[in-house]
Amino acid sequence: MKKWKTSLLGLTLSVASILSLAACGSGDKDAAEGGGDSKGFTLLSPDHSADHPKNKDLWMWKEYEKKSGIPITWQESKDINEKKNLLLSESKLPDAFYQVYWTSDELVKYGGQGLFQPIEGLLEKHAPNFYKLMQENPEIKKSITAPDGHIYFLPELSMDPQIMGLTFRYYINKEWLDKLGLEKPRTTEELKEVLTEFVTKDPNGNGKADEQGWYMNSGELPNSFEKLLMAAYGMGTGGRTGIETSVYYETDGSLQLTLNSDRMRDVWKYEADLFQNNLMSKNAFAGADGDKWRADASNNTVGLWTWVSPEFIGGSVQDKYTPINIIAGPNGDKSLVINGPVGTSGLVITKDCKDPGKLLEWADYWYSKEGSDFGYLGKEGVTYHKVDGKNVYIDKILKFEKGAQLGSYQYLDNVYGGGYPYLNPTQADRDIAQGLKPVTYDDFNDDVMPEKMLSPVMPTPEESGQLSTIMTDMNNYIEQARVKFVTGKWNFTSDWDNYVDQLKKIGSDKLLEIRRTQYERYDKE
């Protein structure tokens, strides 16, 4: 799949429709005896109270309880992703986990053990909005169906490919480009030339040699910048999921590993060139946390950074940077580093929920057009109003000291972070709500979509066990090797073959075999 179908306008089931379905839901007699009865449901979610009110106090959830007539008891926990596996040993589980990230391995494992309830047989009747989306977009079903044939979660969906969060981008200092009379770089060679100008020509004008080229908090290099460079060197052909699962499609159509490819060697050579010529921060691997990086950015010393959305660097400076989606490599390779429409586990129903159908009806509202709008905008006259016929947040939100997005987060849940069971509105609508002019990219089109947009694949229990063993050791080794190659402690001529041999000992051949088997299975479904 190379592009999305827009399905928002076709989803018109309203709250009234959802509630009429809930009224005739199955299991009412059983529901009176346990979780999910007329008193509602208990959901366990992450504790985000550092950034917004507790869920029980959040305007959106209180308003939705009035709309649905279904109260929710929220159990919120800090560091839930570290604690979640321990919680499964409790004798009594909440009715569901909400916005808790479960890996594909964990979903298959715990679903097979009966801790999570399969929901595929309930979707057509109890989740008509989500079911319709799944029918219209077959990749959704393929991505969320485990090898045992079951579906164990509802995901976050983003049907607009320009949604912030899907695509990694370069963010380059526009003020410095203008000061030096430079254009946006479009190739890796041009990028190196621009960064050289940044660190040698004093574009911040303070008379100090304090300008950095690419700079983020330590440890972020492989999380964003390296992914973008991998696409420039021909390894973005499977999309962001391909890169994140260590595979790409070669020019002959074969699925190959990124980790031991000569293309990966060339990416690290390029990074080493930047690092050793001071075009990448010396803090790339240690010495700078997020607070230091943002403080340095506020002092106008950051030339280039990379992420999925501009606000990551802080609202006070984000407008200084202009986005670049695509930079071509030395052989002309270029593609977006973009995810498909299916996100992570948003709602996972446990064995102790007595009425999963009714809980699905409660959640399905968020996949309707009405629910999508309500989850992001709220209610007219309360959280937004009409400005020239467009839906824009009220001034109290727009003028929130930490920015409009966190301002809306004081009322609404589906506006920040992610991982909720929800259909995101278009990026243009999101921008307009925040009082922004929608971004128009000059390098985002079908021509630069990945050759084959890979989606996450649910593993078999056997694959899960094998991958866990291989990837733990492999990731540790690759992290060490990256530092040594990029900093110059290892030589690409004399040490690369040893690196590849060590990957083979750890299990690179087996990893490639598993990935090929998984995507062959995916293609047949």
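Residues numbered from 1 in each chain as written. Predicted model: local features only at pLDDT ≥ 70, side-chain atom pairs only at ≥ 80, totals over all residues. Heavy atoms only, no water.

*Asks:* Please explain the pattern of salt bridges as it appears in this structure.
*Replies:* Oppositely charged side chains may form a pair once their charged atoms are brought near each other. Counted according to the given criterion, the structure contains 25 salt bridges. Close ionic contact of Asp 352 with Lys 351 constitutes a salt bridge, the shortest N to O distance being 3.1 Å. Residue Asp 352 is classed as buried on the basis of its relative accessible area, which comes to 11%. Here Asp 509 ties to Lys 504 by a salt bridge, and the two come within 3.9 Å at their closest N and O atoms. The class for Lys 504 is exposed, based on a relative accessible area of 52%. (Salt bridge = Lys/Arg side-chain N within 4 Å of Asp/Glu carboxyl O. Buried < 20%, exposed > 50% of the residue type's maximum accessible area, 1.4 Å probe, protein only.)

*Asks:* Would you mind going over the environment of Gln 427 with me for this structure?
*Replies:* As for its position among the elements, Gln 427 is in helix H19 (residues 427–433). Taking C-alpha positions, Gln 427 is 8.6 Å from Pro 161, a pair spaced 266 residues apart along the chain. Setting aside chain neighbours within four positions, we find Gln 427 in contact with Asp 160, Gln 162, Ile 163 and Met 164. (Helix = DSSP H or I, 4+ residues; strand = E, 2+ residues; numbered from the N terminus. Contact = heavy atoms within 4.5 Å.)

*Asks:* I tried to follow unusual backbone geometry on my own but got confused; where do I start?
*Replies:* Negative phi is the rule for most residues except glycine; trans is the rule for most peptide bonds. One non-glycine residue with positive phi stands out, namely Ser 246, at about 70 degrees. By the element assignment, Ser 246 lies in the loop between helix H12 (239–244) and strand S7 (247–249). Judged by relative accessible area, Ser 246 falls into the buried class, the value being 9%. Within the chain, Asn 278 stands out as a residue other than glycine whose phi angle is a positive 60 degrees. Owing to a relative accessible area of 47%, Asn 278 belongs among the partly exposed residues under this scheme.

*Asks:* Teacher, can you tell me more about the nonpolar core here?
*Replies:* Nonpolar side chains in soluble globular proteins generally cluster together in the buried interior. With 86 residues, the main nonpolar core has Tyr 170, Phe 225, Trp 268, Trp 305 and Tyr 499 as its most contacted residues. For this core, the element with the most residues is helix H20 (residues 461–487), which contributes nine residues. Beyond its immediate chain neighbours, meaning those up to four positions away, Phe 225 contacts Tyr 170, Leu 191, Trp 214, Leu 274, Met 280, Leu 304 and Thr 306. Counting residues in hydrophobic clusters, the runner-up holds 68 residues, among them Ala 96, Phe 153, Leu 360 and Tyr 367. (Core = buried A, V, L, I, M, F, W, Y, C linked by side-chain atoms within 4.5 Å.)

*Asks:* Just to check I follow, could you spell out the side chain of Arg 240 for this structure?
*Replies:* Here Arg 240 shows up in helix H12. Each residue touching Arg 240, except ones within four places of it in the same chain, is listed here: Gly 165, Leu 166, Thr 167, Phe 168, Val 308, Val 337, Ile 338 and Asn 339.

*Asks:* Quick question: what am I supposed to make of the packing of aromatic side chains here?
*Replies:* Ring pairs (aromatic) are described by centroid distance and by the angle formed between their planes. If you walk through the whole model with that rule in mind, you get 45 aromatic pairs. On the numbers, 5.3 Å between centres and 80 degrees between planes, the contact of Trp 74 with Tyr 98 is edge-to-face. Of this pair, Trp 74 sits in strand S2 (residues 72–77) while Tyr 98 is found in strand S3 (residues 96–98), placing the two residues 24 residues apart along the sequence. Assessed through its relative accessible area of 13%, Trp 74 is described here as buried. The side chain of Lys 67 reaches across the aromatic face of Phe 374, ending 4.8 Å from its centre. Just above the ring of Trp 102 sits the side chain of Lys 84; from NZ or CZ to the centre is 4.8 Å. (Phe/Tyr/Trp six-rings, centres within 6.5 Å; stacked < 30°, edge-to-face > 60°. Lys NZ or Arg CZ within 6 Å of the ring centre and 35° of its normal.)

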